[in-house]
Amino acid sequence: MTVSLIPLPYSADALEPHISRKTLELHHGAHHKGYVDTTNKAIDGGKLADAELNEIVMATKGDAKLFNPASQAWNHGFYWHSLSPDKSAPSGKLGQAIDRDFGSLDELNRQLTEQAEKHFASGWAWLVADG
């Protein structure tokens, strides 16, 4: 088995004007594909050749040659599915937790942006609930 480039869950122009077709095609068709290709080359013939992408990421922490492209391939897949052409805001328990812990969605976005700008490479930041 090899790692596959997942298809986008929407058309390449679905996120315009926020993310252009050109940007999406570059990041999906070149960057994401490059991470998938590099991961496949690195696992070819090895003990992880038949592993799922998440297994490869978990098994290779500390091995930058394989962990970096595998984790970037995973990150990109997560990222595509975190975006939507339909505008929405967190609601329910998540919305309440954001208001409680950050004061507002605007403040959460400000803090995420600040953290992402400090980050090496892609500048991604995730909000993760523990538990």
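This one's a predicted model, so the numbers in the text were calculated from it and none came from an experiment.

Q: I'd like to hear about the environment of H27, residue by residue, with values.
A: If you trace the backbone, H27 turns up in helix α1 (residues 21-43). Residues H27 and I56, spaced 29 residues apart in sequence, show a C-alpha to C-alpha distance of 22 Å.

Q: Give me the lowdown on the pattern of salt bridges, citing residues and values where you can.
A: Working definition: two side chains of opposite charge can pair if their charged atoms are close together. Counted under the stated rule, the structure contains seven salt bridges. With a closest N to O distance of 2.7 Å, K33 and D37 form a salt bridge. Taken together, the positions of K33 and D37, both in helix α1 and four residues apart, correspond to about one turn of that helix. For D37, a relative accessible area of 38% corresponds to the partly exposed category. The partner of E107 in a salt bridge is R110, and the shortest N-O contact between them spans 2.7 Å. Residue E107 and its partner R110 are both found in helix α5 (residues 105-118); the two are separated by three residues, about one turn of the helix. For R110, a relative accessible area of 42% gives the class partly exposed. Among the charged side chains, a salt-bridge network with shared partners connects E107, R110, E114 and K118.

Q: Go over the packing of aromatic side chains, please, and point to the residues and values.
A: Following the criterion strictly, the structure yields four aromatic pairs and no others. A ring pair is formed by F78 and W126, whose centres lie 4.7 Å apart and whose planes are at 45°; its orientation type is tilted. Taken as a pair, F78 in helix α3 (residues 64-80) and W126 in the segment after α5 lie far apart in primary sequence, 48 residues in all. Take F78: its relative accessible area is 38%, and that puts it in the partly exposed class. Pairing Y79 with W80 gives two aromatic rings, centres 5.2 Å apart and planes at 55°, and the pair type is tilted. Taken together, W74, F78 and W126 form an aromatic cluster joined through their ring pairs.

Q: Break down the side chain of H32 for me, citing the residues and quoting the values.
A: Within the secondary structure layout, H32 lies in helix α1. On the basis of relative accessibility, which here comes to 2%, the residue H32 falls in the buried class. A distance of 3.2 Å separates the side chain of H32 from the backbone oxygen of A73, its partner in a polar contact.

Q: Before we move on, could you go through unusual backbone geometry and cite the residues and values that matter?
A: Cis geometry marks the peptide bond from E16 to P17; its omega dihedral reads 10°. Mapped onto the elements of the fold, P17 is located in the segment before α1.

Q: Explain the confidence of the model for the protein chain residue by residue, including any values.
A: Residues with a pLDDT of 70 or more make up 95% of the protein chain, whose mean pLDDT is 92. Averaged over each element, pLDDT in the protein chain is lowest for α5 (92) and highest for α1 (96).

Q: Just give me the short version of the packing of helix α4 (residues 92-102) against α5, but keep the residues and values in it.
A: Relative to each other, α4 and α5 sit at 70°, their axes nearing to 8 Å. With respect to α5, the axis of α4 lies roughly perpendicular. Every residue of α5 that contacts α4 at I98, D99 and F102 is listed here: L105, E107, L108 and Q111.

What counts, and at which threshold
- Residues numbered from 1 in each chain as written.
- Predicted model: local features only at pLDDT ≥ 70, side-chain atom pairs only at ≥ 80, totals over all residues.
- Heavy atoms only, no water.
- Helix = DSSP H or I, 4+ residues; strand = E, 2+ residues; numbered from the N terminus.
- Salt bridge = Lys/Arg side-chain N within 4 Å of Asp/Glu carboxyl O.
- Buried < 20%, exposed > 50% of the residue type's maximum accessible area, 1.4 Å probe, protein only.
- Phe/Tyr/Trp six-rings, centres within 6.5 Å; stacked < 30°, edge-to-face > 60°.
- Polar contact = N/O pair within 3.5 Å; in protein donor to acceptor, adjacent residues only side chain to side chain.
- pLDDT = per-residue confidence, 0-100.
- Axes fitted to C-alpha atoms, helices over the stretch in contact; angles between N-to-C directions.
- Parallel < 35°, antiparallel > 145°, perpendicular 65-115°, else oblique.
- Contact = heavy atoms within 4.5 Å.

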